[in-house]
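Listed below, chain by chain, are the residues.
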Amino acid sequence: MLDKGQLNAFADRGFLLLPQVVPPDVVTAAAAAIDELIKHDPPGPDVRGPHNYFPAARQAPALVALLTGSPAFGLAESLTGPGTLEVPGQVQVALNIPPFPHRPGMHHIDGAPGEPDGRPGTFTMLAGVLMSDQREEDAGNLWVWPGTHLSHAEYFRQHGPGAFAAAAGYPPIQRPEPEQVKGQAGDLFLAHYLLGHNIGGNTSPAVRRAVYFRIKRSGHDARWRDFLQDPWLDYDTVRGRLE
């Protein structure tokens, strides 16, 4: 369970980094699964920066175990309420291959260009497990813009949820200073869907590895328009703390 300080931090900043949530044996098994993905479909010799794999969850049990075979899923539901979240059907394995001297100019939110039915690809929460140590900056770290989950919701309240398509993942809001997420293998990153984020550079000697899960609350798709304007619609526990 998350404590009051962690709930307040998520409400204010839009994300948490929780150290050493995933047990070492689960991390080791997932690392071996990533090795197999790379072995069967390696990046080209000239690839630098981001390189991703998107296996179906049913085909990647060792990767899904990072979420469901550890306290991670329960900690995610500590923000939304017990029994509210659905295990996603797809996993993202995100590599960041050096040297990649990149500094993002701005953030984005996921979900553009959208689903085949025309609905934006919104979800409730991004959960990520660090699969390599990123204790220093510019080691392939994810960049986040704290508090932008609230700014994005305000933007959609002013312009309507239909403005999502026009923004194409880049709503024109005022941006605070970004932060780089620093941690080590086994740490859990939880972020509100509306938190602005982006890929950072990697000038370290090591390939950055992370595994991401895009998690929805049950019933999310039917009320995505309301969710874009009310950031706590899917988050019963956080809403209860704020009321």
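The present account deals with the structure reproduced in this document.

Parameters and conventions
- Residues numbered from 1 in each chain as written.
- Predicted model: local features only at pLDDT ≥ 70, side-chain atom pairs only at ≥ 80, totals over all residues.
- Heavy atoms only, no water.
- Helix = DSSP H or I, 4+ residues; strand = E, 2+ residues; numbered from the N terminus.
- Polar contact = N/O pair within 3.5 Å; in protein donor to acceptor, adjacent residues only side chain to side chain.
- Contact = heavy atoms within 4.5 Å.
- Pairing = 2+ DSSP bridges.
- Buried < 20%, exposed > 50% of the residue type's maximum accessible area, 1.4 Å probe, protein only.

**Concerning the side chain of T80**
Turning to step 1, where the next piece is worked out: Mapping T80 onto the fold places it in helix α4 (residues 72–80).
Turning to step 2, where the next piece is worked out: In terms of polar contacts, T80 uses its side chain to reach the side chain of T84, at 2.6 Å.
Turning to step 3, where the next piece is worked out: For T80, the residues in contact, after removing those within four places along its chain, are L85, T124, M125, R217, D234, Y235, D236 and T237.

**Quick notes on the sheet that holds strand β9 (residues 196–199)**
Turning to step 1, where the next piece is worked out: Strand order in the open sheet formed by three strands is β7-β6-β9, with antiparallel pairing between adjacent strands. Edge positions in the sheet fall to β7 (179–180) and β9, since each has one partner strand and no second.
Turning to step 2, where the next piece is worked out: Note: strand β6 (residues 142–145) against β7, two bridges, orientation antiparallel. Residue pairing across strands places W143 opposite Q180, the latter belonging to β7.

**A look at the pairing of β6**
Consecutive side chains along a regular strand alternate between the two faces of the sheet.
Turning to step 1, where the next piece is worked out: The side-chain alternation of β6 yields two buried faces, one formed by L142 and V144 and the other by W143 and W145.
Turning to step 2, where the next piece is worked out: As judged from the four bridges shared by β6 and β9, these two strands associate in the antiparallel manner. Its bridge partner lying in β9, W145 is registered against G196.

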